[in-house]
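Here are the chains, one letter per residue:
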Amino acid sequence: MSAPSEGSAEILHQPEPVEGRLLRNVCGLFVTGVTVITSGEEGRSEGTTVNSFTSVSLDPPLVLFCLHKASRLRTVIDEAGSFVVNFLAGPQEPLARAFAGKDTAAVKDVPHHHSAEGMPVLSEALAFLACRLESEFDGGDHTIFVGRVVELGVPREHQEPLIFFRGSLGALEEEPRGAHPIFDG
């Protein structure tokens, strides 16, 4: 690993083997949105905070997220065969934290309603995607879940998203100006 020179910003370079903690710190420099993934039926609903979410395909409409293999939500998703990705808004940092630990909030204790297929949707989320489980893939200590979007909604328009950067949660300070489209080519 290169050492920082006096008066300069820290320069980091590490060849193999890459340490897990260092990888986590470097990946923390990539700004992500924050979601709570929910699944299950009334009486057995679970949720967990996840920032490893991305869209995969528009046709068919597919998204994915990664979940630690030891997560309590894994069994619930496998049993239900579906899940909901709830995009959190800036003021929902307490909700993100409530679903982030091993002893998390219960879905029944937060405002929610159900998707057309009966999955729990967090009512105050910025937006949601209800998905049927399409595939699961091994991803080291995580499982990669791919879902087909079967329902979506934006109940809270014109709110800032909750973001994750450098290991911290927060809201955007202002709306981006002069947005340029990003083309997926």
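Residues numbered from 1 in each chain as written. Predicted model: local features only at pLDDT ≥ 70, side-chain atom pairs only at ≥ 80, totals over all residues. Heavy atoms only, no water.

1. Description of the overall build of the protein
Now for step 1: Scanning the protein from N- to C-terminus turns up three helices and twelve strands.
Now for step 2: Here the protein holds 185 residues, and 32% of them are scored as buried.
Now for step 3: The long-range fraction of contacts in the protein, counting pairs at least 24 apart against all pairs at least 6 apart in sequence, stands at 62%. (Helix = DSSP H or I, 4+ residues; strand = E, 2+ residues; numbered from the N terminus. Buried < 20%, exposed > 50% of the residue type's maximum accessible area, 1.4 Å probe, protein only. Contact = heavy atoms within 4.5 Å.)

2. Quick word on unusual backbone geometry
Now for step 1: Of note, the amide linkage connecting Asp-59 to Pro-60 takes the cis form, showing an omega dihedral of 5°.
Now for step 2: Examined against the element boundaries, Pro-60 turns out to sit in the loop between strand S4 (53-57) and strand S5 (62-68).

3. Considering the nonpolar core
Now for step 1: In this structure, Ile-37, Phe-65, Leu-67, Ile-77 and Phe-83 are the most contacted members of the largest nonpolar core, which totals 14 residues.
Now for step 2: Residues within four places of Phe-83 in sequence aside, it is in contact with Ile-37, Thr-38, Ser-39, Phe-65, Ile-77, Met-119, Leu-129, Ala-130, Cys-131, Leu-133, Val-146 and Gly-147. (Core = buried A, V, L, I, M, F, W, Y, C linked by side-chain atoms within 4.5 Å.)

4. Considering the environment of Ala-130
Now for step 1: Counting through the fold element by element, Ala-130 comes out in strand S9 (residues 127-139).
Now for step 2: By relative accessible area, which is 3% here, Ala-130 ends up buried.
Now for step 3: When the C-alpha atoms of Ala-130 and Met-119 are compared, they prove to be 7.4 Å apart, with eleven residues separating the residues in sequence.

5. Some remarks on the sheet that holds strand S3 (residues 44-50)
Now for step 1: Judged by pairing direction, the sheet is antiparallel, and its seven strands sit side by side in the order S3-S2-S6-S9-S10-S5-S4 without closing on themselves. Unpaired on one side and paired on the other, S3 and S4 mark the two borders of the sheet. Averaged over all adjacent pairs, the angle separating strand axes in this sheet is 35°, with direction ignored.
Now for step 2: The pairing of S4 with S5 spans four bridges and is classified as antiparallel. Directly across from Ser-55, in S5, lies its bridge partner Val-63.
Now for step 3: Together, strand S2 (35-41), S3, S5, strand S6 (82-87), S9 and strand S10 (142-153) form the strand contacts of helix H2 (residues 72-80), whose direction differs from that of S3 by roughly 125°. (Pairing = 2+ DSSP bridges. Axes fitted to C-alpha atoms, helices over the stretch in contact; angles between N-to-C directions.)

6. Description of the side chain of Thr-38
Now for step 1: By secondary structure assignment, the location of Thr-38 is in strand S2.
Now for step 2: In terms of polar contacts, Thr-38 uses its side chain to reach the side chain of Asn-86, at 3.1 Å.
Now for step 3: A distance of 2.5 Å separates the side chain of Thr-38 from the backbone oxygen of Pro-120, its partner in a polar contact.
Now for step 4: Not counting residues within four places of it along the chain, the set of residues in contact with Thr-38 comprises Glu-46, Gly-47, Phe-83, Val-84, Asn-86, Val-107, Pro-120 and Leu-122. (Polar contact = N/O pair within 3.5 Å; in protein donor to acceptor, adjacent residues only side chain to side chain.)

7. Looking at the packing of aromatic side chains
Now for step 1: Tallied over the entire structure, the rule returns three aromatic pairs.
Now for step 2: Aromatic side chains Phe-53 and Phe-87 sit 5.4 Å apart centroid to centroid with 55° between the ring planes, which places their arrangement in the tilted category. Taken together, the residues span a long stretch of sequence, with Phe-53 in strand S4 and Phe-87 in strand S6 at a distance of 34 residues.
Now for step 3: Relative accessible area serves as the criterion here: at 24%, Phe-87 is assigned to the partly exposed category.
Now for step 4: Residues Phe-65 and Phe-83 carry aromatic rings whose centres are separated by 5.0 Å and whose planes lie at 75° to one another, so their mutual orientation is edge-to-face. Of this pair, Phe-65 sits in strand S5 while Phe-83 sits in strand S6; the two residues are 18 residues apart in sequence, bridging distant segments of the chain. The exposure classification of Phe-65 matches that of Phe-83, with both residues buried. (Phe/Tyr/Trp six-rings, centres within 6.5 Å; stacked < 30°, edge-to-face > 60°.)

Interpretation note: all reported values are geometric properties and have no functional meaning in isolation.
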